[in-house]
Every structure is written in structure tokens, then in C-alpha cells.
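As a plain string of letters, each chain reads:
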There are 2 protein chains.
Amino acid sequence: LLSVVLARTRVTSPFAHPKIDVEKIKALHSDIVEDTVDMKIDHFNANGQSDTYPMRYLVNAKHYQKGGPIFFYAGNEGNVYTFYNNTGFMVNTLAEEYKALVVFAEHRYFGESLPFGDKSFETENLKYLNVEQTMTDYVEFIRGFRKESGLDQTPVIVFGGSYGGMLASWLRMKFPETFQGAIASSAPIIYFKDAVPEDGFYNVIQDVFTHNHPECSENIKKVAELIVSFKNQPEKIRSLQSMYNTCQAIETADDVDKITGFLYNAWIYMAMTNYPYPTEFLAPMPGNPVDVSCEPFDLTASKPKITSLLKKDSLFSDDELALLQAAADSVQVFYNYTGELACNDLSGSETPNLDAFGWDILACNEMAMPMGTDGKDNMFLPESFSYEAHTKQCEERFGITPQFDFALTFFGGRNPTFDFATTSNIVFANGNIDPWNAGSITIPVSKDTVTINIENSAHHLE
Amino acid sequence: LLSVVLARTRVTSPFAHPKIDVEKIKALHSDIVEDTVDMKIDHFNANGQSDTYPMRYLVNAKHYQKGGPIFFYAGNEGNVYTFYNNTGFMVNTLAEEYKALVVFAEHRYFGESLPFGDKSFETENLKYLNVEQTMTDYVEFIRGFRKESGLDQTPVIVFGGSYGGMLASWLRMKFPETFQGAIASSAPIIYFKDAVPEDGFYNVIQDVFTHNHPECSENIKKVAELIVSFKNQPEKIRSLQSMYNTCQAIETADDVDKITGFLYNAWIYMAMTNYPYPTEFLAPMPGNPVDVSCEPFDLTASKPKITSLLKKDSLFSDDELALLQAAADSVQVFYNYTGELACNDLSGSETPNLDAFGWDILACNEMAMPMGTDGKDNMFLPESFSYEAHTKQCEERFGITPQFDFALTFFGGRNPTFDFATTSNIVFANGNIDPWNAGSITIPVSKDTVTINIENSAHHLE
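Please read these numbers as outputs of a predicted model, since none were measured by experiment.

Undergrad: Can you help me understand the domain arrangement of chain A in this one?
TA: Reports often express the size of an interface as the amount of accessible area lost when the parts come together. Residue and element names in this part refer to chain A. The domain boundaries assigned to chain A delineate domain 1 (22–194 + 406–454) and domain 2 (200–348). Distance from the C-alpha centre of domain 1 to the C-alpha centre of domain 2: 36 Å. Taken together, the nine residues of domain 1 in the interface contact nine residues of domain 2. Of all residues in domain 1, I433, P435 and W436 bury the most surface against domain 2, accounting for 58% of the area lost on that side. Applying the counting criterion to the domain 1 and domain 2 interface returns zero salt bridges. Between the two partners, domain 1 and domain 2, sit one residue pair in polar contact (both at pLDDT 80 or more). Within the side of domain 1 that touches domain 2, the residues separate by chemical class into five nonpolar, three polar and one charged.

Okay, structure coming up:
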């Protein structure tokens, strides 16, 4: 769930531009066998005559030994290789220990698993992009795979992280005969209307940013308020372009919102991927990026070096300049840690990315997760989630009306210990500093499920 | 599952013409409140913009007291009043004991719950008639009903018989948070391709007919073979009209098949509804109709009175006449026990009955239950179930391609004790003389399910 937050900021998801190099990943993982299977586009059309599409999947039999289980990764919103490349614990450690056959499936409408080829995202073709169709893809796939491999009696453990973790836990709940167990990592299966507070996500981020640098979130809030206060001052607005080194001119009040989106975007993603070691999952970043990005905000300890460009500008007080500069340095950790980019592109106008589009559609039908905050208890500016506004936006953009009640009605979750009481063989693994933790299962819901809450673990860290 | 067998005989289902008098049933059950709820026609269209149809439901609060559960009947292939009128054990006995609120839902495309009104059965509108859409109707209905009634925390026990019992057990399996338990009566949830022998159904009927009258099934087989042997003898064929008092002329070899279908149809239905007391579920019948219909076949004990009409006919030997007459008397128990009908209508050309049509569609998509026999171990003529022929027929008639693998892949059942191991709170109630028993769950599949096999109990007898 890496792109969902961007509904707020309107900046295109960095995950939507995963700079993944499939050839490079293949070279790193020479054990992968890639193939496709013909899958019905519409499993629920009673006339049984649906067209099919080639659903892509990967198999790694390196550690497999007869008698070992199948580890099945329920692909989520992106190219399947992205997930393969970032799920080492399952692919290597666990697979070796259990002598498992590792299988990854690519989610319909993502990567190369496009039901209608390059017409997949035309409005009339969007109606087959939903959770039930996807889950049935996986059920049908596993049935066929087991049969063809002669592994009919082999247990299947379904893995997944984030939205993939939601799929994994729901697959185990709905199809226990197909999936004998599930490991659902960072899966906010109850982050839906009326089940959790809308500001849960932002409050966890607040905790993450306050943990080692108590002054950090305060200063983030201050700089955001400061920038918004420029809205009627064209000169100040224009100066934001040089301050934040944007590729585009910054001129209007709307552009000011783009700047705050640009900043918050970095902080949100750093919280989600606050891994203790350097990563390149979304962008090249140091270990513990939140701490690194908070350092510039320690204004008393180490006065930020105010660049000559900023100093020349008499529009701002020294304190204001210090804050604005700290924010620029802070988000640099996310956007341009290696210093390779000449400027920050806010347009999102690169090659249109289908993967980002795909998630936005899911978030417009059944996966509409309400997120908002009154800004009182955290570093975010107030922004309430509006069901009306989200609906309007989805209808205008895709011709799709969100089904806010769907997930909890179909899968349960309004009352987890009651609804999930018969659930078994699911491990819910969560990091307590993952913002999505707010909508995850963190307390035992039945005697046959396991909840693991990992201290200081961020999103998707398996 | 009262009309499924008719794919064999091509006689229109008697269940398809339930001579139910809704006004009479309402008068008998003055506690019924009838209402409708707007239900999405397509739950799985991701654009969330499906039209709705008025789904009918009945509520009886006579025995309800605060704190009591909801007893929900998952309507099956017919007018909801039919099931209401024949489920007294649930509606009266159990509801009173548990102070339950009784709710019956009508299955889409049956009774008055027609998604597209009088256009519901046009080919392009058939694609929404399937099990998943129906189950989701019931999930959505129960969610709305509980919410509006302020009964959010009230457990729901789902009941159903036959196909309704299949729905009941599957609803509990897939939506345990919505349905806290299920009572599935006579539910052949595994009567699908490769899971049970095709002749299971016929073999149980054989047992039923042999039980009290060992000679009965032998003579039934003999008379069927005799009639088929007439196929190239036009005079003998023509005489069948008077023998079986058909409204239509019997002239061709095809008409001969109609006659055997007409006869077998009666015997099959009597086996399915071999209740110990007189009933009017399908047609007015005495108690233990199988025994009554077997009496004429006891040719040694009481030589059948051969009517003067038959005697005149020198085409047949006395033994042949005795058999043919016995068959006529035997099926009279089913078709015309009260003697009200002037002749037997084989045309099925009365008012086209939508309910029969509806089941045939279900049997052409996901509920295709393979039934056949080599005729060696039972009283039936050999008739193998042909997947190709069934497919061809469904495609020609409805434009629908059967999905033979669907039910067992989606719900499990190829290996019941493995597939259903996590299932809980389901009572599988079966009669051991119910032909559908052959595809039902009759042995324990998990520690939390109960299997009740009732001696001498027929189909749908709750």
C-alpha cells in the first residue's frame, strides 16, 4: 500500500515509477522461471464464456524438495518482479528452511498481466479490476498449478505484504481448502469506513517522527503552516521554486498545495519505509531515513546552512528561512539522496504509469480507505476525508463509484474478535512503526491465529 | 433440487408448476410480513454502479423475543412461499424453542425476485444468475437487515434444504462472520464432476424402491425395456396413448422416450419425496408414496386388473399387458392421485414457468451435476452423462457454457475431510433414502460440524 496516500498529495506515486530493472532482477535471481497462464477475465459471468488473459507468474524451485509446501505470494499493486525482489525472507530464508516451492503471481491489471492489453485502462474495461476477480484468479491458478505439477496434496501457504497481505489473509479466510495457511504482513484489512479512526495512519507517522527527534514533527507542522500562509503573496510563492529546486515554476495558490504535498509525500514515504538499512525499494535512501531527515530540523543544535540564494531573499525572516531550508534538506533524503537529479519534478508527467493507475482504480471501487486528520494531534495540516469528494473524484476520473462498505461486509472486520473468531492458520505480522498498523490486526482474534507485532519495524518489512 | 433430474427426462418439472396458492399460504400464515429490498444486480462489477432489483423476503416475528437469534432461510429455486410453506420445523418448532426471528429470502430470478422483470430470461440478462451473486445478495441483505433492525450483534443461523442447503453450508463456510451457523438439509454439495460416482443418485433410488418391495424395481426395469422395444412398431407405439392416458398422440420413437421419461419422472420424484405422511409439496400424494406405487407391481400377489381397453388390444401378451398396466397404476400415485385430471399432459406447454427455467440455467452454468448410469445395478435404463452433450444443449438453449469445475474449486469438496477441515457450526442433515444423499456430507468433516443421517428420511424433509 504504497500509493494510496497519494490521493492526498496528488503527487504521482514514487512506487508508480518503480525504477525496477526486470533484466537486472532476473540476473540476480537466475532460479526464476517466468510463465503465463490463461485466466478468465470475468469469473462471475454466469454464461461461462469469458475471454481469457495471460496472467504472469514466477516459480523458484531452488530450495524445493519433495514433500515441501508451496509458498505462494499473492501479488499486489505492481510488477511482480518488484515484490519478488523485496521478499527475500520468504524466497530465501523460509523457503530453504521448509524446502518450499516458491510461486509469485502477478495481480491482474499490473505489470504485464493486462486483461485487455494496451486497452486495459479504458473506462469500459475497468470493471474487472476488483478484489473478488483477483482472488478467484489466484484460486484458479493454484488449482491448475497443483494439478499440473502433480502436487494436489501439497499444502499452500499464501504470503503477502500490505495490500498483498490483505489478499493473503482474505484468501485464507475464504478459501481455506485451497490455502492451508497465510502470512499476512502489514495488512490493514480493517482500515475501512467506520472501523478505525480516520487519523490512525497519520498518528502513527507522528509517533515515528517524534520518536528520536521530539522537535522534528513540531517543526514540520510549522513549516507547512508557514508555506500555506504564503498563498496570497505572489512573490513568496514564486520564491518556493528556487527553495525547493522544482523543475516547474511555482506561481499560484494551487502550486503552494503542490509544494506541501511534495514535502508531506517524502515524510509519509520515509515513515512507511523507515528500514534500518539502506534500501532502494522506492528510492535510494539511507538506513533509518526518518532520523536522517529529522536532523536538519534540529535548528538549535546545528543551525542549518542557509544557502546564499535564500539569504539574498529579504522576504523572509531568518527563522522562516531556517525552517524552509530545513524542510528542503529533509526531503532531499527521500527525493535525491544520491544527488543525481537536477531538479525535483512535481508534474508527474513522465510516461503514464499503469501500475499507479491500477491502484487508483482499486482505491476507487472496493479499497477506498478513508484517511483524514483534524491536524490537532499530529504534524499534518487538517484535511478531512470526504466520502462525497472521493466519490465525485472517482466518478469523474474513472466512471467508478466507490463501495465503502464492501470490504468489511464481504470479509468482516467491524468487530474483529467476533467476525474472525473462526479464522485459523493466519500470521498477522505488523511493525509498530508502520502507519498502516492503524488498520491491521494487532491483537489475537482467534485461538488459531498468530499476531506478531515487531518493535521498530516499518511497512512491508517481512 | 427437485427439477435437476429432468434434464434426463425432458418432462417439465412438476416443481416448476408448483400449484402454490400464495393467497392461501398467506392466510395460513398470518404472521408473515412480506417486503422487498433493493439489491444490486451485479455485485462484482468494479464500477460500483449496478442497477438494482427488488428482492423479496418474508419475516415472521411471532416467536421472536429479544435476545433470540435470526433464523434465515436461504431461498432456493422457486417461489419463496413454497419453501416457507414446507419448512414447518424451522418456522414453528425451532423458532419457538429458540425465540427466533424467522426470515426467508427469495432467490434472484425466482418467484417475484426478477432482476429484469419480464425480460429477466432473455439471453443477455442471464449472466447474473449464479451462485456468487446470490450468496452476495444474502450477505448484503443480512447486513442491511441487522443494521436497520438494530440487531447488529444478533447471531444468524442460515437454514436451507436441497440447493438451499448447499447455499446455506457455503454461506457459513465463506461468510462465517455473517452467518454464525448453518443447518443444511439434503444438500448435495459434492455432487459434482469427479467427486462422486455419477450413478450415486440412481443407486439410492434403487435402494428406496427395493426396500419394502423387492420385486418392484425389477418390474420397473422390465416395463421400461419393454416399452423401448416398441420403437420400430408403430401400432404398439400408438397404443401407448390410451394405456397411459396421455393428452397428446403418441406416434414416433421420440414419443416412446417421452413415455419412459414420463414414467421415470414419477418414480424419481416419489423417491425424493417419499415422506411418511400425505403431502402436497409437488403434487397431492399419500404417505410413503413409493410403497403405494410399488403395490401394482406385485404381479403374483394381486394380478392387476387389466382394463377392457387394454384387453381388446391383441398386440401384447398377457404378461406384457400386466406390466404395462402396473406401470400406469404406479405412476398414477404421483400424477393423478386425486383422480382430478382427465388426461396426462406430456407437452410441458402450459404457461412457461420461469422457476423451471431458472433452475435449468443454474444447472447450465455452475450447478451442472453429472448424473448417469450404466443401468447394471439399478432399475434405470442405461444413460451416460455426457459432458459434451450437456455443454452443447446449454449453449444452444441459453448461450451458456457449463463450468463443471466451479463448485468444487470455489467451495472445496474433492477431498471433504481435508477441504472442510476448518469448517465449523454446520449441521448436515440427510435422509438415507434421499437420492441426493449420494452427493451430501454424511461423515464428519471437522470437529466442529455435525452430521445427522436420518433413517428412512427422504429429500428436503427437515
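Undergrad: Looking at this structure, I do not really get the confidence of the model for chain A. What am I missing?
TA: Predicted coordinates in areas of low pLDDT are best not read in detail. Averaged over every residue, the pLDDT of chain A is 86; residues scoring 70 or more account for 90%. Among the scores for the predicted complex, ipTM is 0.77 and pTM is 0.83.

Undergrad: Help me understand the sheet that holds strand β7 (residues 424–431) of chain A, please; the structure alone is not making it clear to me.
TA: The strands making up a sheet are joined through hydrogen bonds of the backbone, oriented either antiparallel or parallel. All names here are of chain A. Sheet architecture is open: eight strands sit in the order β1-β2-β4-β3-β5-β6-β7-β8, paired in mixed fashion. Two strands in the sheet have a free side with no partner beyond their single neighbour: β1 (32–40) and β8 (448–454). Taking each pair of neighbouring strands and ignoring which way they run, the sheet shows an average axis angle of 20 degrees. Relative to β8, β7 is paired through seven bridges, and the arrangement is parallel.

Undergrad: Teacher, can you tell me more about the relation of the copies chain A and chain B here?
TA: Each of the two copies of the chain can be brought onto the other by a rotation about an axis and a shift along it. Once chain A has been moved 0.0 Å along the axis and rotated by 180 degrees, it coincides with chain B to within an RMSD of 0.1 Å. Seen this way, the second copy is the image of the first under a two-fold rotation axis. No C-alpha of chain A approaches the rotation axis more nearly than that of K174(A), which lies at 2.6 Å. The residues that chain A uses at the interface reappear at the interface of chain B in 100% of cases, marking a shared surface.

Undergrad: Teacher, can you tell me more about unusual backbone geometry here?
TA: Glycine aside, the phi torsion of most residues is negative, and most peptide linkages are trans. Residues and elements named next belong to chain B. In this structure, Y109 is a non-glycine residue whose phi angle is positive, near 75 degrees. Judged by its relative accessible area of 0%, Y109 is buried. Phi is positive for N288, close to 45 degrees, though the residue is something other than glycine. Take N288: it is sitting in the loop between α10 (253–272) and α11 (289–294). For N288, a relative accessible area of 32% puts it in the partly exposed group.

Undergrad: When you look at the pattern of salt bridges in this model, what are you seeing that I'm missing?
TA: As a working rule, side chains carrying opposite charge can pair if their charged atoms are close by. Residues and elements named next belong to chain A. For the structure on display, the rule yields 26 salt bridges over all chains. The partner of K231 in a salt bridge is D257, and the shortest N-O contact between them spans 2.9 Å. Note that K231 is positioned in the loop between α8 (214–228) and α9 (234–243) and D257 in helix α10 (residues 253–272), a separation of 26 residues in sequence. Take D257: its relative accessible area is 35%, and that puts it in the partly exposed class. Sharing partners across several salt bridges, the network here consists of K26, E34, R56, E106 and E112.

Undergrad: Hey, could you run me through the sheet that holds strand β8 (residues 448–454) of chain B in this one?
TA: All names here are of chain B. Strand order across the open sheet formed by eight strands is β1-β2-β4-β3-β5-β6-β7-β8, with mixed pairing between neighbours. One side of each edge strand has no neighbouring strand; the edge strands of this open sheet are β1 (32–40) and β8. Each strand of the sheet is rotated relative to its neighbour by a mean of 20 degrees, with strand direction disregarded. Relative to strand β4 (residues 101–105), strand β2 (residues 52–60) runs antiparallel, the two sharing four bridges.

Undergrad: Before we go on, may I ask you to explain a nonpolar patch on the surface in this structure?
TA: Side chains of V450(A), I452(A) and I454(A) sit close together on the surface and give an oily, nonpolar patch of about 210 Å² of accessible area. Mapping I454(A) onto the fold places it in strand β8.

Calculation criteria
Residues numbered from 1 in each chain as written. Chains lettered and ligands numbered in written order. Predicted model: local features only at pLDDT ≥ 70, side-chain atom pairs only at ≥ 80, totals over all residues. Heavy atoms only, no water. Domains from an automatic or database assignment. Contact = heavy atoms within 4.5 Å. Buried area = accessible area lost by both parts, 1.4 Å probe. Salt bridge = Lys/Arg side-chain N within 4 Å of Asp/Glu carboxyl O. Polar contact = N/O pair within 3.5 Å; in protein donor to acceptor, adjacent residues only side chain to side chain. Nonpolar A, V, L, I, M, F, W, Y, C, P; charged D, E, K, R; others polar. pLDDT = per-residue confidence, 0-100. Pairing = 2+ DSSP bridges. Helix = DSSP H or I, 4+ residues; strand = E, 2+ residues; numbered from the N terminus. Axes fitted to C-alpha atoms, helices over the stretch in contact; angles between N-to-C directions. Least-squares fit on C-alpha atoms with pLDDT ≥ 70 in both. Buried < 20%, exposed > 50% of the residue type's maximum accessible area, 1.4 Å probe, protein only. Patch = residues over 30% accessible without salt bridge, like charges linked within 9 Å, V, L, I, M, F, W, Y side chains within 5 Å. Areas by Shrake-Rupley, 256 points an atom, 1.4 Å probe, with all protein chains shown as cover.

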